[in-house]
Structure formats: structure tokens, C-alpha cells
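Listed below, chain by chain, are the residues.
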Amino acid sequence: MIMLYNTRTRKKELFMPREEHIVGMYSCGPTVYNYPHIGNYRAYVCSDLLARALAYLGYSVKHIMNITDVDDKTIRDSQKEGVSLKEFTARYEQAFLEDIASLRIRTITRHTRATEHIEEMVSLIQALLKKGIAYRGEDGSIYYSIEKFPSYGALSGLRLQDLEAGASGRMQADEYEKEHAQDFALWKAWVPSDGEAYWETPLGKGRPGWHIECSAMSMKYLGQQFDIHCGGTDLIFPHHENEIAQSEGAYGGQFVRYWIHNAWLLVDGKKMAKSAGNFYTLRDVMARGVDPLAFKFFCLTAHYRQPMNFTWEALASAQQGLCHVQSAALHMKEMAAHAEEEAPCARVHQLVDQLKADITSALHDDVNSPQALAALFDFIKAVYKEKKSFTRADYLELFRALCDSDRVFGFCLEEIVIPDIPHEVRSLMEERERARKEKQWEKADEFRMHIEEKGYAIEDTSHGPRAVKR
Ligand code: AMP
Ligand code: ZN
């Protein structure tokens with residue numbers, strides 16, 4: 001039984017989806033106005049991890065992630081550059097999709113663009129107008145009246161009565177602080193500075209506010225109530241607070257059952273953010289020769305609710321950790337080559353069951369990824385320690401178990417490729433191993449020389465010998 005920390009109730013709760021074995025989840029995706037930084041990618045790695053964990057535990061997961069391709073920032077920056085909104089956002093959307101592919105974020109069932117859901121947003125605003133929760137301001141824009149939604153502030157712990165003075169105003173901007181909680185814009189009437197960014201709709205000429213986008217898209221694909229909504233902690237207020245107000249205000253009932261928020265990626269103790277200028281992109285990481293999967297490994301070394309500090313040294317040690325796992329996978333795959341489908345020995349069953357049990361119990365505890373990684377390392381250590389006792393069939397089973405656990409991590413261990421070494425070099429390697437086992441050192445040296453004549457060198461690694469092309 002999986003326990004998840006729900007921001008709404010501020011405690012770990014037993015996760016019970018609406019429908020048995022089926023989970024609907026929504027993650028707030030990128031605003032495509034620039035290359036996302038690796039802080040943003042921590043959020044997407046975390047929601048991918050959650051979806052992977054649920055799938056590993058037997059749930060069928062529908063995971064929707066939006067792409068914010070119209071908001072204050074996309075309009076502002078496309079105009080600065082003098083290109084159309086579409087052309088501008090398409091460039092960064094493409095970069096985002098490439099980045100998540102290289103991070104092997106693969107659980108997203110569907111990406112939804114805000115600009116393709118204007119109709120749904122308009123209907124939702126109409127429902128709010130009909131209920132008297134939304135109203136039109138003198139500027140022609142439509143606002144949400146927060147005093148009409150008594151539980152406004154429950155997610156973020158904001159008390160409306162403390163805000164009486166400020167709450168009389170109205171907020172046009174998409175982003176603002178908790179101290180400035182007030183009526184927020186659902187629909188922004190066109191102003192000349194919006195340029196071409198407008199839609200002619202029954203609400204008039206204008207564009208949606210940012211918050212209505214996620215309410216409309218999540219409910220379209222997941223229903224008026226769904227299981228999980230994810231995002232970074234900075235989205236709790238105002239974005240998620242406003243999503244709840246909009247969705248529950250329009251249709252009643254509970255909008256989201258479990259609110260899951262990831263902690264920040266920090267640099268020198270401060271949140272990594274575009275506005276602070278203390279950010280790196282995934283491209284910066286790759287330019288330093290670091291595998292994007294090492295960044296993912298780095299993220300998984302901390303629990304998703306734990307803030308983590310980014311340093312290049314920490315990333316380098318994550319790269320080492322990743323290499324350790326990948327070379328263990330390669331070793332097991334190599335040792336399993338040409339294995340017959342025979343029953344593995346009892347010890348292998350024990351190791352495989354232990355791995356599965358340890359990973360399951362780590363995930364049950366609010367998706368404890370550091371604990372799950374530790375279970376993976378323990379498994380690898382035990383396999384190396386007892387390597388002499390395993391047959392090819394045993395290795396096949398061990399490799400399969402490793403790949404099965406990788407459904408949680410997504411390091412793509414199954415896709416690991418055995419270096420292309422000619423058959424004769426392989427047999428010479430085996431002959432050399434046999435000679436060494438029998439302590440026939442001279443014979444072993446002869447095999448080594450033959451191997452070298454064929455253009456390969458032998459590296460004796462801690463996982464056993466390996467041939468490498470010279
Ligand atoms: P944005 O494109 O700014 O809307 O952010 C996309 C996602 O990244 C949101 O879920 C944010 O909460 C998350 N995010 C932004 N900065 C960080 C950070 N430094 N650490 C972790 N998550 C972040
Ligand atoms: Zn959102």
C-alpha cells in the first residue's frame with residue numbers, strides 16, 4: 001500500500017485511486033518561453049518517477065502534462081524578438097521534448113497545448129460567470145471573486161480574513177505572491193500590447209489567464225475529479241490554489257484527491273530560477289560531457305520533498321553512480337549471453353525477491369527514491385560478491401530482475417548494448433579465463449597475446465575481464 005504526502009492535508013496518506021488500479025495524474029508542464037533549466041527538470045523527473053513507481057506497483061497510469069504556450073511571459077518575449085507567438089513557442093517546445101527524451105521521461109500519455117484548448121477554457125469561465133463566482137471588470141477582463149469561494153486558501157494555508165485589506169483589489173498578472181492574494185484574471189480582454197495573441201470568443205476578444213489553462217485541460221482529459229496533481233512547491237500559490245477555486249467553484253465536489261509537490265533544486269542555498277540568473281540548462285550539462293541520465297540519477301539520490309543543492313561535483317559523483325549501475329547491467333547481460341532457458345538456482349530467486357521487496361517497500365513510503373537506489377546497489381553488490389557461483393541461466397534471471405527494477409528509475413538498462421567483439425576474441429577471452437582459473441599463467445598470457453594481435457586489449461576490471469578495441 002503506497003503512502004503519499006498530500007500537500008492538502010499536510011500528511012502522508014494511504015493512496016486510494018478513484019478507480020481500482022487506475023490512476024489519473026496531471027503535471028504542470030513548462031512555459032515555453034526559454035530553455036527550461038535543470039530545476040524545472042527536477043520537477044519533471046519527480047512526476048515521471050511517481051508515475052513509474054505507480055506503474056511498477058501495478059497501476060495503469062494516465063499522465064497528462066500541459067505545455068503553456070500562451071501567457072504573459074510567452075507574449076512578452078515573442079514580441080521582444082519580433083516573431084509570432086506560435087513560431088516562438090514551437091522552438092522551446094521542441095527543445096523541451098528533446099530534453100525529456102534524453103532524460104528518458106517516458107510516462108507522459110499526452111502533452112496538451114494551452115492554445116489548442118481555448119474552447120474548454122471559455123466554457124469553464126462561462127460556468128463560473130453563470131454561478132456568479134466570476135465577474136467582468138470595467139477593463140473588460142473577467143475575474144474570479146475569491147470571497148465567493150469560502151475554502152479559498154486551504155491548499156496553501158492562506159487565511160482570507162487576514163487579507164481583508166488587500167483582497168479588495170484585482171490581479172491581472174499570472175504570477176504574484178501570497179501577500180497579494182486577490183481576485184485574479186480568468187480572461188484577459190485584448191489590449192494593444194497583446195498584439196496578435198488573442199482569440200475571438202463568446203467572452204470577447206482576448207486570451208486566457210494562466211491558471212484557467214490547467215483547470216480546463218486537466219478536467220478535459222481526466223474528468224472533474226482525478227487522483228493526483230503534481231508540480232513544484234512554488235506552484236502551490238497562486239497557481240494550484242486558483243485551479244482548485246476554478247474547478248470546484250464551477251462544478252462542486254473535490255477536484256484533486258492528492259496534491260504532490262516537489263522541493264526545489266537550489267544553487268548555493270537559493271532556488272534555481274531564471275529570474276535569479278543562477279541556472280543551468282540540460283544543454284550546459286551535456287556540454288560538460290555529462291550524460292543527462294546522470295542528472296536524473298542525481299535527482300533520485302534525494303527524496304522528492306527534500307530540497308537539494310546543485311554542484312558540479314555532486315553531478316560528477318552521480319555520473320559515477322550511474323556508470324556503476326550501467327556496467328553491472330552490461331556485465332550481467334554479457335554473462336547471460338547464449339544462456340539456455342534453464343531454471344535459475346535458489347540463491348538467484350532469493351536475490352531477485354529481495355530486490356523486488358526492497359524496492360516496493362521504498363516506493364510504498366512516499367516514493368523514497370534514495371532507498372530504492374540503495375536496494376539496487378545492494379543487489380549489484382551481492383551479485384558481484386557471489387559471481388563465481390552463477391551460471392549463464394542465473395545471470396539471465398539476474399539481468400531480467402535488474403531491468404525490471406529499472407522500470408522505476410528509467411536508466412534504460414535493457415537497451416544497454418554489448419560492445420561488438422568478434423566471436424573469436426570472445427572465445428579467446430573464455431580460454432584465457434579458463435587457463436587463469438586453472439592457474440596456468442603462461443597459457444593465459446599466450447591467449448592474451450593472441451587477443452592483442454587481433455587488435456583488442458584486456459582490461460581486468462573489478463567486475464571481471466573485458467575486451468576493448470585498441
Ligand atoms: P515553470 O516553467 O516556471 O512554470 O516551471 C515548471 C515546473 O518547474 C514547475 O512545476 C515549477 O514548480 C518547477 N520548478 C521551477 N524551478 C524549480 C526549481 N529550482 N526546483 C524544482 N522545481 C522547479
Ligand atoms: Zn499548471
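In this text the structure is predicted, and so the values were computed from the model without any measurement.

What counts, and at which threshold
Residues numbered from 1 in each chain as written. Chains lettered and ligands numbered in written order. Predicted model: local features only at pLDDT ≥ 70, side-chain atom pairs only at ≥ 80, totals over all residues. Heavy atoms only, no water. Helix = DSSP H or I, 4+ residues; strand = E, 2+ residues; numbered from the N terminus. Buried < 20%, exposed > 50% of the residue type's maximum accessible area, 1.4 Å probe, protein only. Contact = heavy atoms within 4.5 Å. Areas by Shrake-Rupley, 256 points an atom, 1.4 Å probe, with all protein chains shown as cover. Pairing = 2+ DSSP bridges. Donors = N, O, S within 2.8 Å, 3.2 Å for Na, K, Ca; no water. Near = heavy atom within 4 Å. Polar contact = N/O pair within 3.5 Å; in protein donor to acceptor, adjacent residues only side chain to side chain. Nonpolar A, V, L, I, M, F, W, Y, C, P; charged D, E, K, R; others polar. Salt bridge = Lys/Arg side-chain N within 4 Å of Asp/Glu carboxyl O. Axes fitted to C-alpha atoms, helices over the stretch in contact; angles between N-to-C directions. Domains from an automatic or database assignment. Phe/Tyr/Trp six-rings, centres within 6.5 Å; stacked < 30°, edge-to-face > 60°. Lys NZ or Arg CZ within 6 Å of the ring centre and 35° of its normal.

1. A closer look at the overall build of the protein
1) Next: The helix and strand inventory of the protein stands at 14 helices and 18 strands.
2) Next: Relative to its 470 residues, the protein shows a buried fraction of 54%.
3) Next: In the protein, once contacts between residues fewer than 6 apart in sequence are set aside, the share between residues at least 24 apart is 74%.
4) Next: As displayed, the protein offers around 21200 Å² of accessible surface, 51% of which is attributable to carbon and sulfur atoms.

2. Regarding the sheet that holds strand β14 (residues 265-267)
1) Next: Spatially, the 3 strands line up as an open sheet ordered β15-β14-β16, and their pairing is mixed. Each of the sheet's edge strands pairs with one partner strand only, and the pair in question is β15 (270-271) and β16 (308-309).

3. Structural notes on the coordination of the zinc ion (ligand 2)
1) Next: The zinc ion (ligand 2) binds to the protein through C28 (SG), C214 (SG) and H239 (NE2); the donor distances cover 2.1 to 2.2 Å.
2) Next: Donor residues for the zinc ion (ligand 2) sit on one chain with the sequence pattern C-x185-C-x24-H. Here C214 is found in helix α5 (residues 210-222), whereas its partner H239 is found in helix α6 (residues 236-251), with 25 residues between them in sequence. The same class applies to C214 and to H239, which are both buried.

4. Details of unusual backbone geometry
1) Next: In this chain, F237 is followed by P238 through a cis amide linkage whose omega measures 0°.
2) Next: Of note, the phi angle at R10 is positive, near 60°, even though the residue is not glycine.
3) Next: Phi angles above zero are rare outside glycine, and H21 is one such case at about 65°.
4) Next: If you trace the backbone, H21 turns up in the loop between β2 (11-14) and β3 (22-27).

5. Details of the site of ligand 1
1) Next: Close to ligand 1 lie 17 residues, the nearest being Y44, G232, D234, L265 and M272.
2) Next: Taking G39, its main chain carries an N or O atom lying 3.1 Å from a nitrogen atom of ligand 1.
3) Next: In this structure, a nitrogen atom belonging to ligand 1 sits 3.4 Å away from a side-chain N or O atom of N262.
4) Next: When ligand 1 is considered free in solution it has 490 Å² of accessible area, and contact with the protein chains removes 93% of it.
5) Next: Contributions of two or more residues to the shell around ligand 1 are made by α1 (38-56) and β12 (226-232).
6) Next: Tallying contributions element by element places α1 first for the shell around ligand 1, with 4 residues.
7) Next: When its residues are assigned to classes, the shell around ligand 1 shows 8 nonpolar, 7 polar and 2 charged.

6. Some details on the pattern of salt bridges
1) Next: Counted by the stated rule, this structure contains 30 salt bridges.
2) Next: The closest approach of N and O atoms between K80 and D77, which form a salt bridge, is 3.6 Å. With K80 and D77 both in helix α2 (residues 72-81), this residue pair falls 3 residues apart, about one helical turn.
3) Next: Classification of K80 as exposed rests on a relative accessible area of 67%.
4) Next: Among the salt bridges present, the one from R106 reaches E415, with a minimum N-O distance of 3.2 Å. Here E415 lies in the loop between α12 (392-409) and α13 (423-437) and R106 lies in the loop between α3 (85-102) and β5 (110-113), a separation of 309 residues in the sequence.
5) Next: A relative accessible area of 46% means that E415 is categorised as partly exposed.

7. Some remarks on the sheet that holds β12
1) Next: Judged by pairing direction, the sheet is parallel, and its 5 strands sit side by side in the order β5-β4-β3-β12-β13 without closing on themselves. Each end of this open sheet is capped by a strand with a single partner; those strands are β5 and β13 (256-262). Adjacent strand axes in the sheet meet at a mean angle of 25°, parallel and antiparallel pairs treated alike.
2) Next: Relative to strand β4 (residues 60-67), β3 runs parallel, the two being bridged by 6 bridges. Directly across from Y26, in β4, lies its bridge partner I64.
3) Next: Sheet strands in contact with α1 are β3, β4, β12 and β13, and its direction is about 165° off that of β4.

8. Quick notes on the domain arrangement of the protein
1) Next: Domain boundaries in the protein define domain 1 (3-262) and domain 2 (423-469).
2) Next: Between the C-alpha centres of domain 1 and domain 2 there is a distance of 59 Å.

9. With respect to the packing of aromatic side chains
1) Next: Under the definition given, this model contains 22 aromatic pairs.
2) Next: For the pair Y35 and Y92, a centre-to-centre distance of 5.1 Å together with 85° between the ring planes defines the contact as edge-to-face. Taken as a pair, Y35 in the loop between β3 and α1 and Y92 in helix α3 lie far apart in primary sequence, 57 residues in all.
3) Next: Judged by relative accessible area, Y92 falls into the buried class, the value being 8%.
4) Next: A centroid spacing of 5.2 Å and a plane angle of 85° characterise the contact between F226 and F255, whose relative ring orientation is edge-to-face. Taken together, the positions of F226 in strand β12 and F255 in the loop between α6 and β13 put the pair 29 residues apart, joining distant regions of the chain. For the pair F226 and F255, a shared accessibility class is recorded, and that class is buried.
5) Next: Aromatic rings pair up to connect Y280, F295, F298, F310 and W312 into one cluster.
6) Next: Its end group placed over the ring of Y5, R305 keeps NZ or CZ at 4.1 Å from the ring centre.
7) Next: Stacked on the ring of Y56, the Lys or Arg K356 has its end atom at 4.6 Å from the ring centre.

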